Amino acid sequence: MTDAFANLDREPRGITVGLWVRRAILTLLGVIVLVALVNRFGQHPAQTTAAVPVATMRLSAPATVRGGLFFQSRLDVRAARAIDHPRIVLDPGWLEGMQVNSIEPAPIGETSRNGRVVLSYDALTPGDILRVWFQFEVNPTNVGHRSYAIELDDSERPIARVNPSITALP
């Protein structure tokens, strides 16, 4: 009976290797969590500006977002000349895989143009500022990189455009 327990004092090689593999995987997951805690996967807003003789348009929006989180984008339009029928035209990437929580101030009208959402606002006189806040939630299954471009039009005539992109992480 003593021969049956003779090999119990040493570990088989497979157990030792498996232990180190588990430790490595847990360490890797811990590093990912630590990097996320210091906000390296964060939603820092980036500024994108287009200045033309008619108006200056500045978009403040994160370049990277994480699934399931809320974020805000802000558009500032400063009119240098009169804009009779200001329209904000959003590329499809603004709404693809995103839940729109609010757009403030609310547009006086919404429509679609060639698959892009068009928001209509009241006329702007020289010196007026149109500031629009967009609040979104990222769908957790919305992983990828897409255009986050936005255009300012006077009715159907394009005035200014900024072309940032947005990346959604899982």
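Located above this text is the structure these notes cover.
Residues numbered from 1 in each chain as written. Predicted model: local features only at pLDDT ≥ 70, side-chain atom pairs only at ≥ 80, totals over all residues. Heavy atoms only, no water.

Q: Hey, could you run me through the packing of aromatic side chains in this one?
A: How two aromatic rings sit relative to each other is set out by the distance from centre to centre and by the angle between their planes. The tally for this structure, following the rule as stated, stands at 5 aromatic pairs. Relative to Phe136, the ring of Phe71 has its centre 5.4 Å away and its plane inclined at 25°; by these criteria the two rings are stacked. Remark: Phe136 occurs in strand E9 (residues 129-138) and Phe71 occurs in strand E4 (residues 70-79); sequence separation between them is 65 residues. A relative accessible area of 5% places Phe71 in the buried class. Ring geometry for Trp94 against Phe136: centres 6.0 Å apart, planes inclined by 55°, an arrangement best described as tilted. One end of the pair, Trp94, is in the loop between strand E5 (86-90) and strand E6 (98-104); the other, Phe136, is in strand E9, with 42 residues separating them in the sequence. A single burial state applies to Trp94 and to Phe136, both of which are buried. Every member of this aromatic cluster is reached through a ring pair, and the members are Phe71, Trp94, Phe134, Phe136 and Tyr148. Stacked on the ring of Trp20, the Lys or Arg Arg23 has its end atom at 4.7 Å from the ring centre. (Phe/Tyr/Trp six-rings, centres within 6.5 Å; stacked < 30°, edge-to-face > 60°. Helix = DSSP H or I, 4+ residues; strand = E, 2+ residues; numbered from the N terminus. Buried < 20%, exposed > 50% of the residue type's maximum accessible area, 1.4 Å probe, protein only. Lys NZ or Arg CZ within 6 Å of the ring centre and 35° of its normal.)

Q: Please explain a nonpolar patch on the surface as it appears in this structure.
A: Taken together, Val17, Val21, Ile25, Leu26, Leu28, Leu29 and Ile32 make up a surface patch of nonpolar side chains, about 650 Å² in accessible area. Inspection of the secondary structure assignment puts Ile25 in helix H1 (residues 13-37). Owing to a relative accessible area of 48%, Ile25 belongs among the partly exposed residues under this scheme. (Patch = residues over 30% accessible without salt bridge, like charges linked within 9 Å, V, L, I, M, F, W, Y side chains within 5 Å. Areas by Shrake-Rupley, 256 points an atom, 1.4 Å probe, with all protein chains shown as cover. Salt bridge = Lys/Arg side-chain N within 4 Å of Asp/Glu carboxyl O.)

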